[in-house]
Amino acid sequence: MRLFGWFRRPPQKDQPATRRWIRLGGRRMFSSGSYILPKDQTEDDRLDLQHHFYRLILRGNYCAPLRQPRMILDVACGTGIWGREMAREFPQTQVINFDIDRAPVDAALQRLGPTGQIPANFRFLEADAFQPFPFEPGLFDFTHARLIGSFTPVARWPDVVAEMIRVTRPGGYVELVDFEIGQSPSQAVMALGEAMGRLMTARGLHPGSAPYLAGYLRQAGLEGVRERRAIVGGGPRGSREQGLLITDILATFANLQPLVVKVGVLSDADYTALLERAREEARALGAWLPIVCAFGRKPLERGRRSGFIRY
């Protein structure tokens, strides 16, 4: 079966009817909705960096007991870096990735080149995680979503999880990864973290979705739900892990500034002053961030239907 024959087509321009963008503080952002971070190359670079320390602390790209999956889905894939690595790890597996914004994946494909670094079994589809996924039931052996708490309102979590389960085959696994509220001896880092939490709460988001992941999976009917909790930055100051975390934290706070100021959580001057203090203090004092990987198995059913992609 040939999947998504248009995969390597040139990037498309934004369509105003369906993709409404604004420039805020010089950053490309959604004009409406719950997403709190920019959608531009600076943020894409941060997401790729973040991927590396999540993989480092979790000792791999997934926690579920996978064997030889036939089909894998990554929901709201961002730059597609997780999916590309999974496609290399499972070369016989079709790894399908979707996101509401194709620009990050297009930029990555242009940067990496058409051959050699893009696995042939990696595919991308432009789609909205808040709409019914464009796949038939039971298609995927493993359905994955990481850090979707940055845009998923509390009220929409059950809907997204239900769709993840719908497109997963009986006996397949669904996995969620997200963070808890971080901590630091730096008062400036904590003040910026509080501002971020207030912004997320105002947008209807969990200010740290990790404590709720296993509960969402159990409520949706998965069996054998397990969670793995790890602390990023728990090692000695000056370690690679600590350095990656501090770089990510500071980049996140810098990327949040336009929206935090716009909604009135802090003034631009106060935020700038806190960010400068945080840059001075964070590397000296350190920080730590709990993350949780939760996964469960879709119950087996009598009689299995084969699924196919609808497009």
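Going by the structure above, here's the rest.
Looking now at the pattern of salt bridges. Summed over the entire model, instances satisfying the criterion amount to 15 salt bridges. A salt bridge links arginine 55 to glutamate 85; the nearest nitrogen and oxygen atoms lie 2.7 Å apart. Highlighted residues: arginine 55 in helix H1 (residues 41-58) and glutamate 85 in helix H2 (residues 81-89), separated in sequence by 30 residues. Exposure remark for glutamate 85: the relative accessible area of 13% places this residue in the buried category. Among the charged side chains, a network of salt bridges with common partners joins Glu43, Arg46 and Asp248.

Time to look at the environment of arginine 55. Residue class for arginine 55 comes out partly exposed when judged on its relative accessible area of 28%. Those residues in contact with arginine 55 that lie beyond four places of it in its chain are Gly60, Asn61 and Glu85. In this structure the side chain of arginine 55 is engaged in a polar contact, spanning 2.7 Å, whose partner is the side chain of glutamate 85.

Here helix H8 (residues 268-285) spans 25 Å end to end across 18 residues, near enough to the 26 Å set by a 1.5 Å rise per residue. At arginine 279, H8 shows its largest kink, close to 30°. Residues Tyr271, Leu274, Leu275, Ala278 and Ala282 constitute the buried set of H8. Where H8 is buried, its residues touch helix H5 (187-202) and helix H7 (240-262). Directly after H8, the chain includes glycine 286, whose backbone phi takes a positive value near 85°.

Let's shift gears to the packing of H7 against H8. Pairs of packed helices are described in terms of their axes, by the angle between the two and the distance that separates them. Taken N-terminus to C-terminus, the directions of H7 and H8 make an angle of 180°; their axes are 10 Å apart at the nearest point. If you check the angle between H7 and H8, you find them roughly antiparallel. Here H7 contributes Gly243, Ile246, Thr247, Leu250, Phe253, Ala254, Leu256, Gln257, Val260 and Val261 to the contact with H8, which in turn contributes Asp268, Tyr271, Thr272, Leu275, Ala278, Arg279, Ala282 and Arg283.

Burial of nonpolar side chains together is a common tendency in soluble globular proteins. Core analysis: the biggest nonpolar cluster contains 94 residues, and Phe133 and Phe135 have the highest contact counts within it. For this core, the leading source of residues is H7, giving 9 residues.

Turning next to the pairing of strand S9 (residues 289-297). The element S9 is largely enclosed, with a buried count of 8 among its 9 residues. As paired strands, strand S7 (residues 168-179) and S9 are joined by 7 bridges and run antiparallel to one another. The partner of valine 174 across the bridge, within S9, is glycine 296. Relative to S9, strand S8 (residues 223-232) runs antiparallel, the two being bridged by 8 bridges. By the bridge assignment, valine 232 is partnered in S9 with leucine 289.

With that settled, consider the packing of aromatic side chains. In this structure the tally under the stated criterion is 13 aromatic pairs. Their ring planes at 55° and their centres at 5.7 Å tell us that phenylalanine 130 and phenylalanine 151 sit as a pair that is tilted. You can see phenylalanine 130 sitting in the loop between strand S5 (122-126) and strand S6 (140-146) and its partner phenylalanine 151 sitting in the loop between S6 and helix H4 (157-166), a full 21 residues away along the chain. By relative accessible area, phenylalanine 130 is classed as partly exposed at 22%. Relative to phenylalanine 140, the ring of phenylalanine 135 lies with its centre 5.1 Å away and its plane at 90°, an arrangement referred to as edge-to-face. Judged by its relative accessible area of 0%, phenylalanine 135 falls in the buried class. Lying across the ring of tryptophan 21, arginine 28 places its NZ or CZ 3.6 Å from the centre. The ring of tyrosine 35 carries lysine 39 above its face, with NZ or CZ at 5.3 Å from the centroid.

This part covers the sheet that holds S6. Spatially, 7 strands are ordered S5-S4-S3-S6-S7-S9-S8 in an open sheet, and the strand pairing comes out mixed. The sheet is open, and its two edges are formed by S5 and S8, each paired on a single side. Strand-to-strand twist in this sheet, taken as the mean axis angle between neighbours without regard to direction, amounts to 15°. Two elements, strand S4 (residues 94-99) and S5, share 5 bridges in a ladder whose sense is parallel. Opposite phenylalanine 98, over in S5, you have leucine 125 as the bridge partner. H2 rests against strand S3 (71-75), S4, S5 and S6 of the sheet, and its axis sits at about 145° to S6. Where H4 meets the sheet, it contacts S3, S6 and S7, and its direction lies at approximately 145° from that of S7.

Quick notes on the rules
Residues numbered from 1 in each chain as written. Predicted model: local features only at pLDDT ≥ 70, side-chain atom pairs only at ≥ 80, totals over all residues. Heavy atoms only, no water. Salt bridge = Lys/Arg side-chain N within 4 Å of Asp/Glu carboxyl O. Helix = DSSP H or I, 4+ residues; strand = E, 2+ residues; numbered from the N terminus. Buried < 20%, exposed > 50% of the residue type's maximum accessible area, 1.4 Å probe, protein only. Contact = heavy atoms within 4.5 Å. Polar contact = N/O pair within 3.5 Å; in protein donor to acceptor, adjacent residues only side chain to side chain. Expected span 1.5 Å × (residues − 1). Bend = angle between axes of the 7 residues up to and from the residue. Axes fitted to C-alpha atoms, helices over the stretch in contact; angles between N-to-C directions. Parallel < 35°, antiparallel > 145°, perpendicular 65-115°, else oblique. Core = buried A, V, L, I, M, F, W, Y, C linked by side-chain atoms within 4.5 Å. Pairing = 2+ DSSP bridges. Phe/Tyr/Trp six-rings, centres within 6.5 Å; stacked < 30°, edge-to-face > 60°. Lys NZ or Arg CZ within 6 Å of the ring centre and 35° of its normal.

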